Every structure is written in C-alpha cells, then in structure tokens.
Amino acid sequence: MSFNYLVFVKQVPDTKNVTGQAMKPDGTVNRAALPAIFNPEDLNALELAIQLKERFGGEVTVATMGPPAAAEVLRQALYRGADKVALITDRAFAGADTLATSYTLSCFAKNTTKFDLILCGRQAIDGDTAQVGPQLAEKLDLPQICYVEEVLALDKKKIRARRAIDGGFETVECPLPLMLSVIDSNEPRPPSVKRMMKYKKAKTRAELAAKRSSYTDAEELARQEQEYRAKGLWIEEFSAADAKADPERIGLKGSPTKVKNIESVVLKASEMKKVEASEAGIRSLVGELIKEHILG
Amino acid sequence: MTSKIGNVWVFAEQEGGKIASVSLELVSKGRELAATLGVKTEAVLLGNNIEKSTATLFHYGCSKVYLAESPDLEPFTVLPFADTIIKLAKQHRPNILLFGATPKGRELAPRVASALLAGLTADCTNLRIDDFDDKINGKSYKNKLMQIRPAFGGNIIATIVNTWEDPQMVTVRPGVMRLGEPDASRKGEIEKVKVEIPAHLKVLKVLDKVQKEKSVDLLSSQIVVAGGYGVGSKENFRLVYDLARTIGADVGASRAAVDAGWIDHDHQVGQTGVTVRPKLYIACGISGSIQHRAGMAESGIIVAVNSDPGAPIFSVAHYGIVGDLNDVIPKMIKAYKTKG
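Rules of the game
Residues numbered from 1 in each chain as written. Chains lettered and ligands numbered in written order. Predicted model: local features only at pLDDT ≥ 70, side-chain atom pairs only at ≥ 80, totals over all residues. Heavy atoms only, no water. Buried < 20%, exposed > 50% of the residue type's maximum accessible area, 1.4 Å probe, protein only. Helix = DSSP H or I, 4+ residues; strand = E, 2+ residues; numbered from the N terminus. Contact = heavy atoms within 4.5 Å. Buried area = accessible area lost by both parts, 1.4 Å probe. Salt bridge = Lys/Arg side-chain N within 4 Å of Asp/Glu carboxyl O. Polar contact = N/O pair within 3.5 Å; in protein donor to acceptor, adjacent residues only side chain to side chain. Nonpolar A, V, L, I, M, F, W, Y, C, P; charged D, E, K, R; others polar. Pairing = 2+ DSSP bridges. Axes fitted to C-alpha atoms, helices over the stretch in contact; angles between N-to-C directions. Expected span 1.5 Å × (residues − 1). Arc of directions from axis to C-beta. Parallel < 35°, antiparallel > 145°, perpendicular 65-115°, else oblique. Left-handed = near helix turned anticlockwise from the far one by under 90°. Domains from an automatic or database assignment.

## Here's the deal with helix α4 (residues 132-139) of chain A
Right, so step 1: With respect to burial, α4 of chain A is a largely interior element, seven of its eight residues being buried.
Right, so step 2: Of all the residues in α4 of chain A, the buried ones are Gly-133, Pro-134, Gln-135, Leu-136, Ala-137, Glu-138 and Lys-139 of chain A.
Right, so step 3: On its buried face, α4 of chain A sits against β1 (3-9), α3 (98-112), β6 (117-121), β7 (144-154) and β10 (178-182) of chain A together with α4 (103-116) of chain B.
Right, so step 4: Following α4 of chain A by one or two positions, Asp-141 of chain A has its phi on the positive side, about 60°.

What follows is the structure, given as structure tokens:
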C-alpha cells in the first residue's frame, strides 16, 4: 500500500508579537516587519502525514502559497521528513481572501499533483478562520473530516478517524480521496539534524538567482538547477499559470471580501475605583456590590 | 431604482432538537439587521423529527423557518447539510446568512460559501448595516453588512465587506451577540423543504459518538470568578473555587491557567474560549491579555485582583484591588459571610 499525502501549510506572522507599527497605512499587515513562523497547526498536519507514511507507506508532499520568503517553511518541512515541496508563488496571488486562496490551492492540487489525502491545519493564527480547508475540499468536490485527532485505520478505499466535536469526539469513516483538517493533538517532531544539514541548502530558482552576485548567466543558472535537482535540493515554484489558475479568480480580484478599514485596539477607558486590599476596603466593596444587587 | 433584496437568514443549529443558544443570539441580531433593511428574519433548520423546535425560533422572532427533515440529516454530517443549504440559498437568495462559529458552523459555512462563491468572514464580534465606498475599485455599495472582527491575535479590529453577490456570510462565536427576549405568543410560517441528498454526498459514516455535557456553561453564568496564571498552582485554584461557592458563582480561567493544566478548557474565557457577559466578573491573578479581555470586557461589573498595579486587566476593571490574591480572596469570603 502506498498513498500520496498532500499537506498545505502557511507561513504566518507570529501574532503574539504584532504591534501597531506592523500595520501599513492602507490597513494591510506589514509582514516584513514581523517574525514569520510555521503555522502551529500546520505542523500537526505535517506530523500526522509523516506518521501515516511511516504506518502505511507513501510520499509526503508539502506545499505553501506565499511570497518567495515562504520557501523557509518548506525547508522546515524537509527537515522534518517531507519528501517533496512546492512553493505556489505569484505576485498575482497578493490580497487573496480565503475563497481566492482555496481556489488557487485547488488548481495546484488538481493540475499538478496526485493525492489520496489532503491534510491542512485546522486554522492559521493570523486569521483564525479555519475556512481554507473546507473551501478547498468543496472546490475539489472532496469529502472532509475536520478537527482530526487521530487516524485509526487507512486502506486503499477508506479512512477511519477520530475527530473532536463539541464536548467530545466522533469516530467516522470516509472513502478516499478526502481532506483532513488537523488539530493540535499530536506532538510535532523537531527537525532532524541530519536532514537539516542536507536540506538547509535547498533552494528555489529565485533564491539561486539572488545568490549569484558576479554573473547571472542563464546557462550557468540552468546548469546549477540541474545540479540542485539531482541532489534533491530543488524547491519547485509554481506560478498562477503553472497551476492553471484563472487570473480572474485569484488574488485581490478573486476575493469577494474587501477590508473597509482597520483600527488598532484601544483600551476602553474605564473609571476604575481603587479598592484597598485591607479588610475594611474589601468589606466596603462587597457591601457596595450587595447594595447594588450585583451580589445576592 | 432598487431591486428587491433578500431576507436575513440564520442557520439554526440543533442537537437532539435543542436549538443552540448561539443560533437564538443570531436570530436576535438578525432581527435588528432585518429591521434596518426592511426585510424579514428567517431560519433554516435541518435534522430529523425536529418540527417542534421551530416554536423556539418563532418565539425569538423568526417570521419563517425553512424546515428540512430527513434521516440523511441525522446525525449531523457536513456534506448533506451543505448541499441542502446551498440549494435553498440558490433558490431564495438571502441577503445575509449567519452561522454560529461552533465546530459545526465552522466546517459547514466555508463549504456553503465556496459553492455560492460568497465571501465569508469568521468570528465577527459586531454586525451592522452601512454603505461602502470601495475606493480602490471606484465602486459604491448601499446597505451592506459591515462584518467587524478582531484579527492578528486580537491586536486589530477589521471591518470587512462582501462585494460580490449575496448572500453576505459570517460566523459569530457563542455569547458575542446579545440574546433577545423570547415572546411565546409569536408565531411564524413553516416551509417544509424537500430533501434529496445525492448518493455521493452520503459517503461519510459516523460510527461512534461520545459527547458529554460541558463541566460548566459559563455562557449563562450571572457571576464568574476567574483565575489566571497568578493563582500559581492547581492546588491554589481551591481559593478561586471557595470564593465562587461562597457567592454563588461559576469558575472561569485564563488561557494561561488552562495551558498550565490547572483547570479544564471548558472554563476558559477569551478569544479561544467562551465570551461571557455576566453581571459580575471577578478576575483573580489574571494579567488581562487582549485575548482574555475580548472574552469578558462586556461584563456588567469587573473586579480585578492582581499584585501587579500595571496589569492590563485594570484598564477594563470597574474596581481594582492591588494585592496578593492569597490574602484578598479570604478577605472577600469573610466579608461576604459576615455581610449585614
């Protein structure tokens, strides 16, 4: 038995460190000013895919849509055990909402890969929407199992999985191919040092070209590309055209939702009454709350 | 000249025939939006043998319920639900379609939105009707739904507008919108929907389902005593429980306390927990991160106890006590027990 696992991941700004300065005047996020990390639940999806490969065989492909710098999460995926990676990148993707994003990912999946299972993290910490997974499944006309905790069984025809529901869990069975969204119920493995030594050299064409300072001879680049490919260090890039995506349905153009405005969160000014931590202070507070019928 | 716009729809979530509180909150909000637009508030209710549940929806102000009953819609599985709602929405073209941001709503709404090519905004904290000038594309829109939500970990508040064809779709977390008053005399119309689910959408089988009641339901709590990282240990949460028991409160917690393993996730208040608006909220040893404040800032009276006078929780508190909770909580208990 052997399966093709396709994992979609996202490089996200570390939202714990967002400040007002990280916003551009037009209300969009200045990603360049923020530390970029591997979206946490996407690491859980990758971990599950690698575990499935170890249990049932197959090949793990990791893909991300993002700017050229997102190649970094693909290297991170290689360190952890991904077999193949792909960077879906094009200026025309900029400004995509979840609908345009899921459309783009669906084109990539349908037109450039073979898959039995698509795995996504439940949600990304920059938006917390949890929408792209189910939207992608709809675009590919696939069934979905959301909030997967554990895969119990897998064969060529179907999968059995345990998923979280409100206040408990469900065991479900579903035929392949399908989309799984994964929650943080496994422990993602750390990068392997051996793989890191090898794959830290992995590069996209853009990265390779940027590295050349003395000459940018096209033939020389092509020769190097062959070398990187032969060593398994090539990170393939896919443009909108490569994914056969309709230009009208990607990026800002393909996004029905528009941002009207953005405000930084301002603390509501409250007239706080300071209460002394003494017995008398606290007794008067409790008395006041009882008098106002707030405490019974 | 204006073309007739569609109604406001609420996806009425139910489990065992009981309508989820978030759906009733959305009906309450939906009536407000519908009144501004001059349209009606309607619900779509899916399941099997659930006709009785329509009464609750009418009491909260729905004028019509689209009722889809079929064995294929019980238990909940996402594909048959999505298929039914997509067909209904295509037929009736609602102007607005609201979902609770529950586990079910969050896997269902994106599928529906994707099929309808509609914009979808997750976890809105406020909704209102306004006009929108899209300066980038030089277009103006009348009476659009302003979809207001926190983003980037709660650091910013964004107003989003769906500029494509209706429906305008959003999800809203439980507890965020205010529940209106039910009126048992209100009645409405039931429109039964013929349910025909194609075989290829009935492929997912639920083999087993384990669901327990939540250990606490903070959404309906009148008084919440919440503990944070400052409580210090699982053992010390006893103090928080003691105070809660004494004054008849439920126990809440910050994410830090839940992550530390001191208390179950059911108790978590904040952006990734529940949003509460009790009449009294006592925060003990909670620093008050933006995510926590998002889940409790609307409480009637907020009392904060923290040893750090600079803790952000004091910025939303009505009463602040700078002190050690190990000292302050016993004093509160004593003061309450010896009242009047």
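## With respect to the interface of chain A and chain B
A common measure of how large an interface is: the accessible area buried when the components associate.
Right, so step 1: Counting residues at the interface gives 75 residues for chain A, matched by 78 residues for chain B.
Right, so step 2: Summing the contributions of chain A and of chain B, the shared interface buries around 6,600 Å²; its carbon and sulfur component is 59%.
Right, so step 3: Across the pair Glu-279 of chain A and Lys-334 of chain B runs a salt bridge, and its minimum N-O distance is 3.2 Å.
Right, so step 4: Linking chain A to chain B there are 30 residue pairs in polar contact (both at pLDDT 80 or more).
Right, so step 5: For the side of chain A that touches chain B, the secondary structure elements donating two or more residues are α4, β7, β8 (158-165), β9 (168-175), β12 (257-264), β13 (273-275) and α8 (279-291) of chain A.
Right, so step 6: Taken together, the residues of the side of chain A that touches chain B sort by class into 34 nonpolar, 19 polar and 22 charged.
Right, so step 7: As paired strands, β9 of chain A and strand β13 (residues 205-211) of chain B are joined by six bridges and run antiparallel to one another. Its bridge partner lying in β13 of chain B, Gly-168 of chain A is registered against Gln-211 of chain B.

## Focus on the sheet that holds β7 of chain A
Strand pairing in a sheet relies on backbone hydrogen bonds, with the paired strands running either antiparallel or parallel.
Right, so step 1: A sheet is described by the order of its strands in space; here 10 strands give the open sequence β11(A)-β5(A)-β4(A)-β1(A)-β6(A)-β10(A)-β7(A)-β8(A)-β9(A)-β13(B), paired in mixed fashion. In the strand order of this sheet, the two ends are held by β11 (236-238) of chain A together with β13 of chain B, each with one partner. Going across the sheet, the axis of each strand differs from the next one's by a mean of 30°, ignoring polarity.
Right, so step 2: Judged from the seven bridges that link them, β1 of chain A and strand β4 (residues 58-65) of chain A form a sheet pairing that is parallel. Directly across from Val-7 of chain A, in β4 of chain A, lies its bridge partner Val-62 of chain A.
Right, so step 3: Here α4 of chain B sits on the sheet in contact with β7 and β8 of chain A, set at roughly 105° to β7 of chain A.

## Details of helix α7 (residues 218-230) of chain A
Residues and elements named next belong to chain A.
Right, so step 1: Given a rise of 1.5 Å per residue, 13 residues ought to cover 18 Å, and the 18 Å separating the end C-alpha atoms of α7 matches this to within 8%.
Right, so step 2: Within the span of α7, buried status applies to Glu-220, Gln-224, Glu-225 and Tyr-228. Axial view of α7: buried residues confined to an arc of 140°, hence all on one face. More than 90 degrees from the buried face of α7, the exposed residues found are Ala-218, Glu-219 and Ala-230.
Right, so step 3: Of the surrounding secondary structure, the elements contacted by the buried residues of α7 are α6 (205-211).
Right, so step 4: Remark: Gly-232 follows α7 within two positions and exhibits a positive phi of approximately 75°.

## Description of the packing of α3 of chain A against α4 of chain A
All names here are of chain A.
Right, so step 1: Packing of α3 against α4 brings their axes to within 8 Å, and their N-to-C directions diverge by 50°. Between α3 and α4, the crossing angle belongs to the class labelled oblique. Here α3 runs over α4; the crossing is right-handed. Contacts from Thr-98, Leu-99, Thr-101, Ser-102, Tyr-103, Leu-105 and Ser-106 in α3 reach Val-132, Gln-135, Leu-136 and Lys-139 in α4.
Right, so step 2: Its residues placed into classes, the contact of α3 with α4 shows five nonpolar, five polar and one charged.

## Observations regarding the packing of helix α3 (residues 78-92) of chain B against α4 of chain B
When two helices pack together, their arrangement is given by the angle between the helix axes and by the axis-to-axis distance.
All names here are of chain B.
Right, so step 1: Between α3 and α4, the shortest axis-to-axis distance is 9 Å and the interhelical angle comes to 45°. Here α4 runs oblique to α3, going by the angle between their axes. α4 is crossed by α3, and the crossing has right-handed handedness. Listed contacts from α4 to Val-78, Leu-79, Phe-81, Ala-82, Ile-85, Ile-86, Ala-89 and Lys-90 of α3 are Glu-107, Leu-108, Arg-111, Val-112, Ala-115 and Leu-116.

## Observations concerning the side chain of Asp-126 of chain A
Right, so step 1: Among the structural elements, Asp-126 of chain A can be located in the loop between β6 and α4.
Right, so step 2: Relative accessible area serves as the criterion here: at 7%, Asp-126 of chain A is assigned to the buried category.

## Thoughts on the domain arrangement of chain B
All names here are of chain B.
Right, so step 1: Split by domain assignment, chain B resolves into domain 1 (8-201) and domain 2 (218-337).
Right, so step 2: Contact residues are listed per partner, giving 11 residues for domain 1 and eight residues for domain 2.
Right, so step 3: In total, about 790 Å² of surface goes out of reach between domain 1 and domain 2, with carbon and sulfur atoms giving 41% of it.
Right, so step 4: Where domain 1 meets domain 2, there are zero salt bridges.
Right, so step 5: For the pair domain 1 and domain 2, the interface holds two residue pairs in polar contact (both at pLDDT 80 or more).
Right, so step 6: The residue makeup of the side of domain 1 that touches domain 2, split by class, is four nonpolar, five polar and two charged.

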